[in-house]
Amino acid sequence: METQKLSETQIFFRLVMDNIPQSIFWKDRNSNYLGCNRNFARNAGLETPEAIVGKNDYDLPWTKEESDWYRECDRRVIDSDTPEYHIVETQLRADGKLTWLDTNKIPLHDDEGNVIGILGTYEDISDRQEIEASLEIQLQKAKLFNQITQAIRKSLDTQKIFQTTVTKVRRLLQADRVAILRFDLDADYSEGEFVAESVLPEFKSALKEKIRDRCFGERCVINYHKGKVYTFADVKAENLTDCYYEILSHFQIKANLVIPLLEGNKLWGLLCIHQCSCPRQWQAEEIQFVQKIATQLGIAIYQAQLLERERLQRSLLTKQNKLLAKQNQQLQAEIKVRQQAKNSLAIKLKEAKLLNEITLAIRNSLNTQKVFQTAV
């Protein structure tokens, strides 16, 4: 009867263990498995929980690095006789899926209190990790967007803003190259030059390279003027013109994301995101983020152009004022010369008049006293 009750208890215990959503396992002091529940056995690729007995982590699908880490944690718990909770770690399962785990490990004791092994539980937190990673990326994007916005407000040094932007966008998107292309407007959008770039060292730099694409003006300018974004996940699979494909190949580009940079309503250049190592499927949130960055860069470009026009106007006005001042000085000098000439002429006329009066007095009178009086 007692044996039957014990058997029923064991069955019930196994039923409870197998219905708990977490994975459960227990090991001896040497980190050899003594048992597990069905969830753990399934993750390990075992048909039954009993198949785990006697195995160690190196016998299971986990990577060597994961096995080393699991056994290191086991050792700490056993040697310190102290539980460890919420260990965040990875596990490569038998089905090839890489998962994130939240693991707890507790020392197991015999009747005398000696540590004889560990009891471990874990749950799959991959979804949570993905959400947290996504939130972290969104936070980084928001911080970068704010930094660029603040930089534009505080500085009109577009080159500094460009370099900061390409560096941080490349790191955030984990792209191989991010660059800014400025068009030569005199060439009707068929020529341009990369004026800022951040690129991994193993790939060719595009900085200050002249780009010539005779097909660009006919093919893309109108759409770029309208704000159209071009995305190529795999340039080899796209129906590209020979001249455009030649340019992409020259810079080792496998995937391409290109956003127009508009100065008001005028196409100024392009913000280019390149993947050179392999093709890449651009995500909608990545495209939206880069579009927002391009809009802010467009504002910086527009403000810089306004400042440049204002500077040129001030310079022209300064030159005009200097010219007017010089002309005024010349005019004042001329007036002074004319006034001096006028004064000199008046004196000469007065002298001539006096001489004439004296001459007439001498001719008309022999009274020397009267002549002397006229002269003085």
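Note that the coordinates shown come from a computational prediction; the quantities given were computed from them, not determined experimentally. (Residues numbered from 1 in each chain as written. Predicted model: local features only at pLDDT ≥ 70, side-chain atom pairs only at ≥ 80, totals over all residues. Heavy atoms only, no water.)

1. Remarks on the overall build of the chain
- Secondary structure summary: the chain contains 10 helices and 11 strands in total.
- Since a compact globule built from 376 residues should have a radius of gyration of about 21 Å, the 45 Å found for the chain marks it as more spread out than a globular shape.
- By principal-axis analysis of the C-alpha atoms, the chain measures approximately 180 × 60 × 30 Å.
- Counting all 376 residues of the chain, 37% fall into the buried class.
- When contacts within the chain are restricted to residue pairs at least 6 apart in sequence, those whose partners lie at least 24 apart make up 51%.
- As displayed, the chain offers around 23,400 Å² of accessible surface, 53% of which is attributable to carbon and sulfur atoms. (Helix = DSSP H or I, 4+ residues; strand = E, 2+ residues; numbered from the N terminus. Rg over C-alpha atoms; globule rule 2.2 N^0.38 Å. Buried < 20%, exposed > 50% of the residue type's maximum accessible area, 1.4 Å probe, protein only. Contact = heavy atoms within 4.5 Å. Areas by Shrake-Rupley, 256 points an atom, 1.4 Å probe, with all protein chains shown as cover.)

2. Quick word on the pairing of strand β10 (residues 255–263)
- Judged by how many residues are buried, β10 sits mostly within the fold: eight of nine residues are covered.
- Examined bridge by bridge, strand β9 (residues 230–232) and β10 share three bridges and lie antiparallel to one another. Counted as the bridge partner of Thr231 is Leu257 from β10.
- Both β10 and strand β11 (residues 266–275) contribute to a ladder of nine bridges, which runs antiparallel. The partner of Asn256 across the bridge, within β11, is His274.
- Between the antiparallel neighbours β10 and β11 lie two residues, among them Gly264 with a positive phi of about 70°. (Pairing = 2+ DSSP bridges.)

3. Overview of the sheet that holds strand β2 (residues 33–36)
- Across the sheet, which stays open at both edges, the five strands sit in the order β2-β1-β5-β4-β3 with antiparallel pairing between neighbours. The sheet terminates laterally at β2 and β3 (84–92), the two strands that pair on one side only. Within this sheet the neighbouring strands show an average axis-to-axis angle of 30°, counted without direction.
- The sheet contact formed by strand β1 (residues 23–28) and strand β5 (residues 115–124) spans six bridges and is antiparallel. Along β5, the bridge assignment pairs Trp26 with Leu119.
- Its contacts with the sheet put helix α3 (residues 64–80) on β1, β3, β4 (98–109) and β5, and the angle it makes with β3 is roughly 160°. (Axes fitted to C-alpha atoms, helices over the stretch in contact; angles between N-to-C directions.)

4. Some remarks on the state of the cysteines
- In the structure shown here, the tally under the stated rule is zero disulfides.
- A disulfide-free cysteine, Cys36 has its sulfur positioned 19 Å from the sulfur of Cys73, the nearest such atom.
- On the basis of relative accessible area, Cys36 is assigned to the buried category, the value being 0%.
- We note that Cys272 lacks a disulfide partner, and the nearest cysteine sulfur, in Cys276, lies 11 Å from it.
- Cys272 sits in the buried class, given a relative accessible area of 5%. (Disulfide = S-S within 2.5 Å.)

5. Details of the pattern of salt bridges
- With the rule as written, the count across this model stands at 15 salt bridges.
- The partner of Arg93 in a salt bridge is Asp124, and the shortest N-O contact between them spans 3.4 Å. Of this pair, Arg93 sits in the loop between β3 and β4 while Asp124 sits in strand β5, and the two are 31 residues apart along the sequence.
- The exposure class of Arg93 is buried, given its relative accessible area of 15%.
- Measuring nitrogen to oxygen at the nearest pair gives 3.2 Å for the salt bridge that ties Arg177 to Glu197. A residue pair is termed long-range when its members are at least 10 positions apart, and Arg177 in strand β6 (residues 177–183) and Glu197 in strand β7 (residues 191–199) qualify at 20 residues.
- When salt bridges that share partners are traced, they join Lys27, Asp57, Asp74 and Lys105 into one network. (Salt bridge = Lys/Arg side-chain N within 4 Å of Asp/Glu carboxyl O.)

6. Some remarks on the packing of aromatic side chains
- All told, the structure shown has 13 aromatic pairs when counted by the stated rule.
- Ring geometry for Phe25 and Tyr122: centres 6.3 Å apart, planes at 45°, overall tilted. Highlighted residues: Phe25 in strand β1 and Tyr122 in strand β5, separated in sequence by 97 residues. Here Phe25 and Tyr122 have matching classes, each one buried.
- Taking 6.4 Å as the distance between ring centres and 50° as the angle between the ring planes, the aromatic pair formed by Tyr230 and Phe232 counts as tilted. (Phe/Tyr/Trp six-rings, centres within 6.5 Å; stacked < 30°, edge-to-face > 60°.)

7. Describing the sheet that holds β7
- Read from one edge to the other, the open sheet built from six strands follows the order β8-β7-β6-β11-β10-β9, with strand pairing classed as antiparallel. Looking at which strands have only one partner, the edges of the open sheet turn out to be β8 (210–212) and β9. Averaged over all pairs of adjacent strands, the angle between their axes in this sheet comes to 25°, without regard to strand direction.
- On the sheet, helix α5 (residues 158–173) packs against β6, β7 and β11 and is oriented at approximately 55° with respect to β7.
- Against the sheet, helix α8 (residues 242–250) contacts β8, β9 and β10, and its axis sits at roughly 105° relative to β10.

8. Overview of the side chain of Thr165
- With respect to the helices and strands, Thr165 occurs in helix α5.
- Given a relative accessible area of 0%, Thr165 falls into the buried group.
- With near-sequence residues (within four places) excluded, Thr165 lies in contact with Ile148, Ile293 and Leu297.

9. Observations concerning α3
- Spanning 17 residues, α3 covers 24 Å between terminal C-alpha atoms, matching the ideal 24 Å at 1.5 Å per step.
- Within the span of α3, buried status applies to Glu66, Ser67, Tyr70, Cys73, Asp74, Val77 and Ile78. Seen end-on, α3 carries its buried residues on one side only, within an arc spanning 130°. Exposed positions of α3 whose direction lies more than 90 degrees from the buried face are Lys64, Glu65 and Asp79.
- Looking at the buried side of α3, the elements it contacts are β1, β3, β4 and β5. (Expected span 1.5 Å × (residues − 1). Arc of directions from axis to C-beta.)

Purely geometric numbers; function is a separate question.
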